[in-house]
Amino acid sequence: MKKLAFTLVILIALAQYPLWYGKGGWLNVFEIDQQVAAQRQTNQKLQNRNTVLEAEVNDLKKGLDAIEELARNELGMIQKDEVFFQILENNEENSSQRERQ
């Protein structure tokens, strides 16, 4: 009777091995689920970025306001008959260096 019980325990253990450690085992499935969740987060971030870029492209295609804003901000362009004032702020570090000299 002891041999039969021992044999059954061994058979159950051998049947459980592929369930936990095999190619389609629980541990493998859990790891793949984590990878899928991480990839979904990455995809969502990229989709959000693509949506923003698509909106910017549409603005540039349809309106001159977006082009004007980019020209002003990135290239420093001004319109005809406009006066441009640039105000420079003093850094405390530069002020303290001047005082020492």
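Keep in mind it's a predicted model, so treat the numbers as computed, not measured.

Rules used in this analysis
Residues numbered from 1 in each chain as written. Predicted model: local features only at pLDDT ≥ 70, side-chain atom pairs only at ≥ 80, totals over all residues. Heavy atoms only, no water. Helix = DSSP H or I, 4+ residues; strand = E, 2+ residues; numbered from the N terminus. Buried < 20%, exposed > 50% of the residue type's maximum accessible area, 1.4 Å probe, protein only. Patch = residues over 30% accessible without salt bridge, like charges linked within 9 Å, V, L, I, M, F, W, Y side chains within 5 Å. Areas by Shrake-Rupley, 256 points an atom, 1.4 Å probe, with all protein chains shown as cover. Salt bridge = Lys/Arg side-chain N within 4 Å of Asp/Glu carboxyl O. Expected span 1.5 Å × (residues − 1).

(A) Focus on unusual backbone geometry. You will see that D81, though not glycine, has its phi angle at about 65°, which is positive. Looking at the secondary structure, you find D81 in the loop between α3 (64-75) and α4 (92-100). Overall, D81 belongs to the exposed group, its relative accessible area being 75%.

(B) Geometry of a nonpolar patch on the surface. Among the surface-exposed residues, M1, L4, F6, L8, I10, L11 and L14 lie close enough to one another that they form a single nonpolar patch of about 800 Å² accessible area. Secondary-structure assignment places L11 in helix α1 (residues 2-21).

(C) Local environment of α3. Here α3 spans 15 Å end to end across 12 residues, near enough to the 16 Å set by a 1.5 Å rise per residue. G76, located one to two residues past α3, shows a positive phi value of around 70°.

(D) The pattern of salt bridges, seen in detail. Tallying each qualifying case throughout the model produces 2 salt bridges. Residue E68 pairs with R72 through a salt bridge whose shortest N-O separation is 3.2 Å. In this pair, E68 and R72 both sit in helix α3, 4 residues apart, roughly one turn of the helix. Across the pair R72 and E82 runs a salt bridge, and its minimum N-O distance is 2.9 Å. One end of the pair, R72, is in helix α3; the other, E82, is in the loop between α3 and α4, and 10 residues separate them in sequence. Classification of R72 by relative accessible area gives partly exposed; the value is 31%.

All we've got here are geometric facts, nothing functional implied.
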